[in-house]
Amino acid sequence: MIKLNLLPKKLRKRVEPGWWRLTAIIFPLLVLAIIASMYVGATTQINQLTGERSQLQAEVAILQPYIKKQRELKQRKAELEQIIQVDQEVKANFVAWSDKIAAFINQIPRRGGRFEVFLRSINTTLIPPDARARMVDQGLYDRKPVSVEFTIRGEAKNEAALIRFVKAFEDSPNFGINFKHSSLAEDGTYTFDATVGIIEHGSSEGGEANAR
């Protein structure tokens, strides 16, 4: 039987091609497949990262005692470095005062085994390096650099004894003297004030000007 459609073209039922129906079914399925694939991939990556994190946490827990020990060693090292620094500062500022005083006393001249000069007072001072340079620039101690200074007040039996005392420190390579003033007493003795410096690079040996 032959069917004729006598309706106008505008009113005729349009028949869509079959591939549009197929596309309408396949496209949502394809989108769902892509989404499912992405979800599975993301889930796999999350699980992998979670496993790695758990493994790292386990390794950190195993290494924790060693990390703690390393921190303790670092702290101990810092404490030892501070102790060493303090020890070095103490050694740098250490002065063997007994040796310095002994050298100074042995430099005082004697006659007949007895001192002709008596010290009424003596004060010792450690000269800082910057002050040593200033003293040299000022011409003190004949421009000899001194590291230790003795401020003394003394009494000499006579003028000759006073001169021998001053020369003993002037002529010594290990000492320098800055004579300030003296006064003559009625009994013929001399009182005087002076400062004596120990040369920075000299030895502490003395007694070269002892009684001859």
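Scroll up a little and you will see the structure.
These numbers were taken from a predicted model, which means no experiment stands behind them.

All of the buried residues in helix α2 (residues 97–107) are A103, F104 and Q107. Taken end-on, α2 shows its buried residues confined to a sector of 100°, consistent with a single buried face. Check the buried side of α2 and you find it contacts β3 (117–126), β4 (146–156), α4 (159–170), β5 (175–184) and β6 (190–199).

Moving on, we come to the packing of aromatic side chains. How two aromatic rings sit relative to each other is set out by the distance from centre to centre and by the angle between their planes. For the structure shown, the criterion picks out six aromatic pairs. A centroid spacing of 6.1 Å and a plane angle of 25° characterise the contact between F179 and F192, whose relative ring orientation is stacked. One end of the pair, F179, is in strand β5; the other, F192, is in strand β6, and 13 residues separate them in sequence. Among the residues examined, F192 registers a relative accessible area of 0% and is labelled buried. Site record: aromatic cluster; members linked through ring pairs are F104, F150, F165, F169, F175, F179 and F192.

Another point: the pairing of β4. For β4, the tally of buried residues reaches eight of 11 residues, placing the bulk of the element in the interior. Across nine bridges, β3 lies against β4 in antiparallel orientation. Bridging from a neighbouring strand, N123 pairs with T151 of β4. Examined bridge by bridge, β4 and β6 share 10 bridges and lie antiparallel to one another. Bridge assignment links V146 to a residue of β6, and that residue is I199.

With that settled, the discussion passes to the pattern of salt bridges. Inspection of the entire model under this criterion finds seven salt bridges. As a salt-bridge pair, E116 and R111 come within 3.8 Å of each other at their nearest N and O atoms. In this structure R111 comes out as partly exposed when scored by relative accessible area, which is 46%. A salt bridge links D130 to R134, with the shortest nitrogen-to-oxygen separation between them at 3.8 Å. Pair noted here: D130 and R134 are both in helix α3 (residues 129–137), with a separation of four residues, about one helical turn. Note on R134: relative accessible area 46%, which makes it partly exposed. Residues participating in the shared-partner salt-bridge network are R111, E116 and R164.

Cut-off values and rules
- Residues numbered from 1 in each chain as written.
- Predicted model: local features only at pLDDT ≥ 70, side-chain atom pairs only at ≥ 80, totals over all residues.
- Heavy atoms only, no water.
- Buried < 20%, exposed > 50% of the residue type's maximum accessible area, 1.4 Å probe, protein only.
- Helix = DSSP H or I, 4+ residues; strand = E, 2+ residues; numbered from the N terminus.
- Arc of directions from axis to C-beta.
- Contact = heavy atoms within 4.5 Å.
- Phe/Tyr/Trp six-rings, centres within 6.5 Å; stacked < 30°, edge-to-face > 60°.
- Pairing = 2+ DSSP bridges.
- Salt bridge = Lys/Arg side-chain N within 4 Å of Asp/Glu carboxyl O.

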